[in-house]
Amino acid sequence: DTSNNQSIKLPADALGFNQWLKDSKGFVIIRADQSGSSQIVVYQLADLNNPKLITPANTSDFLADLAPDGKRIAVTS
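Everything numeric here is computed off the predicted structure, so don't read it as measured data.

### Comments concerning the packing of aromatic side chains
Thought 1: Scanning the entire structure with this criterion turns up four aromatic pairs.
Thought 2: Taken together, the aromatic side chains of Phe17, Trp20, Phe27 and Tyr43 make up a single cluster linked through ring pairs.

As structure tokens, this is what we get:
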């Protein structure tokens, strides 16, 4: 955290960093689940223990990119 010069420990499953959210308050990761499918997960820095899984069930998402305004995310499934 460069705003207060402190380190923030990330959850163990926060691997597969993809990109920061446009407001810099969180980040997107792409992780593999137990079946080998890829899922897109959004972490908010203020609440790292409650990430938001945005990949629907029975779907595998491989690539993700945020819209320039940060309001939408495009994925390749």
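This is not the end of the story, as more comes after the structure.
### Digging into the sheet that holds strand β1 (residues 17-20)
Thought 1: Spatially, the four strands line up as an open sheet ordered β1-β2-β3-β4, and their pairing is antiparallel. Only two strands of the sheet have a single partner each, and these edge strands are β1 and β4 (52-53).
Thought 2: As paired elements, strand β2 (residues 26-32) and strand β3 (residues 38-44) share seven bridges and run antiparallel to each other. Paired with Ile30 across the strands is Ile40, a residue of β3.

### Section: the environment of Asp61
Thought 1: Summarising the element assignment, Asp61 is placed in the loop between β4 and β5 (63-66).
Thought 2: The exposure class assigned to Asp61 is buried, which follows from its relative accessible area of 3%.
Thought 3: In the structure, Asp61 is positioned 27 residues away from Gln34 in sequence and 14 Å away in space, judged by C-alpha atoms.
Thought 4: Apart from the residues lying within four places of it in its own chain, the contact partners of Asp61 are Ile30, Ser38, Gln39, Ile40, Thr55, Pro56, Val75, Thr76 and Ser77.
Thought 5: Only 2.8 Å separates the side chain of Asp61 from the side chain of Thr55, close enough to count as a polar contact.

Thresholds applied
Residues numbered from 1 in each chain as written. Predicted model: local features only at pLDDT ≥ 70, side-chain atom pairs only at ≥ 80, totals over all residues. Heavy atoms only, no water. Phe/Tyr/Trp six-rings, centres within 6.5 Å; stacked < 30°, edge-to-face > 60°. Pairing = 2+ DSSP bridges. Helix = DSSP H or I, 4+ residues; strand = E, 2+ residues; numbered from the N terminus. Buried < 20%, exposed > 50% of the residue type's maximum accessible area, 1.4 Å probe, protein only. Contact = heavy atoms within 4.5 Å. Polar contact = N/O pair within 3.5 Å; in protein donor to acceptor, adjacent residues only side chain to side chain.

Any functional reading would require information that these geometric values do not contain.
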